[in-house]
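# Structural features, examined
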Amino acid sequence: MAAVDVPVALLGYGTVGAAVHRLLEESADEIERATGHRLRVTRALVRDTGKDRGFSPGPGVLTDDIQVILGDPSIQVVAEVMGGVEPAGSHVLELLRSGRPVVTANKQLVARRGTELFEAAAAGGVQLRFEASVCAAIPVIKVLRESLIVTNVHRVLGIVNGTTNFILSAMEEGRSYDDALAEAQRLGFAEADPTEDVGGLDAAAKTAILATVAFGSRVPLEWVEVEGIEGVTLDHVAAARALDMHVKLIGRATLVGDRVDVRVGPAFVDGHHPLAAVEGAFNAVMLHGDAIREITLEGPGAGGIETASAVVADMVSVVGTTGTGFLQNDPVWRHLERLPPGDLTSPFYLRLEVEDRAGVLARIAQELAAESVSVAQLVQQTADDRAVLHIVTHDAAAGRVNAALTAIRALPEARGEATAIPVISSRGVAELGWA
Ligand code: NAP
Ligand code: HSE
């Protein structure tokens, strides 16, 4: 039987867009065998049609005029791989409202304008898929929406940014932060504006999307407590290694009763924990649920061809399920409130620099006790004219730890910076030991 010809368009023909075109051409026979459809890129929107591309688009494919795509009724699916909130958002809204299904790799767009986009998809009666917007090649959205449809997922924990994981892994090998960032940019992992990666905003958008899909309640980007890796020093990396831990940028979404906590920040991950072994630009997501206990998905979290694999899979799913009544509509079905950010509990690693004389440790202990922060491990090192205290606490509320740290910073005996970093360990902090 002859294959059905499916003209498709791309918004963007950069690292991901060119790889989507390449994968569609190289996998055309497999897609046809599986679905009976042959997806053919007929248009691609760019800014500069004269630029050299990673994969030749062919004559007449590139355009810098969105009207060429909006006005072409033959186009059946559009992949948005241009990035940015505008003009990508307006283009996607117009395509959806006019009945054109869209798949997108754009986490900022989905996280910031999800409500509007899904309303437009419903109005146009078409699908909006966004697998590639979270963890590139890892099919975590499909797993949450389809495989775990009857599972009450109550915690999502993940390494969801490839660039920062690449930098932190390189720092463990003694390489400098700036060197590692430059290489991540050269390899195509970093966002156009890499401060989105290192400042945690990229991971925040992905964690908000994961929380929204996992809990079925819209989690606005503003709810995410965000800290990037700019404050992580070689001292932190060395302290983590001495405690058999690794510094990772962790995205965490937790359902506490019927309230939601979502945060992104550096964490000390126990060497025995599954996330500790995730290196370089790889990502991993752990899903905790009633029936499943724990599932970990791991794979490439960035890169052109890796991301294209998820974009193409979404395009094929759209083509394969259109007209079947199976719509990937808005995953939101309820409204949950936000947990006050200071209420989430976890163990913490504290690094404090203080004057090295009698009574100082007692003052520190007093401030921690005043906030009910209990010490599980304590190591003191001497450095120049001061003592460096490495403390691992038992479970403590984030707000109480921050209050204790503020009080400690104000002590006349305090020297240098005082930092608190959450610890992720499933064997319990009492098991940790200083090497
Ligand atoms: P990129 O290499 O910078 O490519 C962006 C493409 O979009 C370029 O072809 C650019 O045109 C075009 N474009 C941008 N703004 C435009 C505008 N205003 N009008 C017309 N065309 C415009 O970016 P990328 O790395 O492929 O990323 C694309 C999207 O995928 C982003 O949302 C990103 O977050 C997401 N993503 C990327 C990765 C990754 O590893 N790279 C992984 C997962 C998700 P020109 O080529 O003419 O400049
Ligand atoms: N800049 C992103 C990262 C690309 O490094 O993870 C994948 O979304």
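Since the structure is predicted, the reported quantities are computational estimates derived from the model, not experimental observations. (Residues numbered from 1 in each chain as written. Chains lettered and ligands numbered in written order. Predicted model: local features only at pLDDT ≥ 70, side-chain atom pairs only at ≥ 80, totals over all residues. Heavy atoms only, no water.)

### Some points on the packing of helix α13 (residues 360-370) against helix α14 (residues 398-409)
In contact at an axis separation of 8 Å, α13 and α14 are set at 150° when each is read in the N-to-C sense. For the pair α13 and α14, the crossing hand works out as right-handed. Between α13, through I364, E367, L368 and A370, and α14, the contact on the second element is made entirely by R400, A404, A407 and I408. Grouping the constituent residues of the contact of α13 with α14 by class yields 6 nonpolar, no polar and 2 charged. (Axes fitted to C-alpha atoms, helices over the stretch in contact; angles between N-to-C directions. Helix = DSSP H or I, 4+ residues; strand = E, 2+ residues; numbered from the N terminus. Left-handed = near helix turned anticlockwise from the far one by under 90°. Contact = heavy atoms within 4.5 Å. Nonpolar A, V, L, I, M, F, W, Y, C, P; charged D, E, K, R; others polar.)

### Examining the domain arrangement of the chain
Here the chain is partitioned into domain 1 (4-136 + 306-328), domain 2 (142-299) and domain 3 (345-424). Between domain 2 and domain 3, the C-alpha centre-to-centre distance is 25 Å. If you look at the interface, domain 2 gives 15 residues, while domain 3 gives 11 residues. A combined buried area of about 1100 Å² lies between domain 2 and domain 3, and 71% of that area is made up of carbon and sulfur atoms. (Domains from an automatic or database assignment. Buried area = accessible area lost by both parts, 1.4 Å probe.)

### A closer look at the site of ligand 2
The environment of ligand 2 is formed by K107, N161, G162, T163, F189, A190, E191, D197, D202, K206, G301 and A302. In this structure, G162 approaches ligand 2 through a main-chain N or O atom, which is 2.7 Å from an oxygen atom. Note that an oxygen atom of ligand 2 is positioned 2.6 Å from one of the side-chain N or O atoms of T163. Here ligand 2, which alone exposes 260 Å², has 94% of that area covered by the protein. Most atoms of ligand 2, that is more than half of them, are within 2 Å of grid points of the largest pocket. Contributing elements (two or more residues each) for the shell around ligand 2: α7 (162-172) and α10 (201-215). Classifying every residue of the shell around ligand 2 gives 3 nonpolar, 4 polar and 5 charged. (Near = heavy atom within 4 Å. Polar contact = N/O pair within 3.5 Å; in protein donor to acceptor, adjacent residues only side chain to side chain. Areas by Shrake-Rupley, 256 points an atom, 1.4 Å probe, with all protein chains shown as cover. 1 Å grid on protein atoms, 1.4 Å probe; cavity = no way out; pocket = protein on both sides within 12 Å on 5 of 7 lines; lining within 4 Å. Sits in = over half its atoms within 2 Å of the grid points.)

### Some words on the site of ligand 1
Near ligand 1, the surroundings consist of 24 residues, among which D48, R53, K107, E191 and G303 are the closest. R47 places a polar main-chain atom, nitrogen or oxygen, 3.0 Å from an oxygen atom of ligand 1. Here an oxygen atom of ligand 1 sits 2.7 Å away from a polar atom, N or O, in the side chain of K107. Coverage of ligand 1 by the protein chains reaches 85% of its 900 Å² of free accessible surface. Assessed atom by atom at 2 Å from the grid points, ligand 1 resides in the largest pocket.

### Observations concerning helix α5 (residues 107-124)
Helix length check: α5 (18 residues) gives 22 Å between terminal C-alpha atoms against 26 Å at 1.5 Å per residue, more than 12% under. Its axis deflected by about 90° at R113, α5 carries its strongest bend there. Among all positions in α5, only K107, Q108, L109, V110, A111, R113, G114, L117, F118, A120 and A121 are buried. Buried residues along α5 sit against β4 (77-80), α4 (88-97), β5 (102-104), β6 (128-129), α9 (195-198) and α10. Its side-chain oxygen 3.3 Å from the backbone nitrogen of Q108, N106 forms the N-cap of α5. Once α5 ends, the next one or two residues include G125, with phi positive near 70°. (Expected span 1.5 Å × (residues − 1). Bend = angle between axes of the 7 residues up to and from the residue. Buried < 20%, exposed > 50% of the residue type's maximum accessible area, 1.4 Å probe, protein only.)

### Structural notes on the packing of α4 against α5
Put simply, α4 and α5 touch, their axes get as near as 8 Å, and they point 20° apart. Put simply, α4 runs roughly parallel to α5. In the crossing of α4 with α5, the sense of the turn from one axis to the other is right-handed. Together, A88, G89, V92, L93, L96 and R97 of α4 and L109, R113, E116, L117, A120, A121 and G124 of α5 make up the contact between the two elements. Across the contact of α4 with α5, the residue classes tally to 8 nonpolar, 2 polar and 3 charged. (Parallel < 35°, antiparallel > 145°, perpendicular 65-115°, else oblique.)

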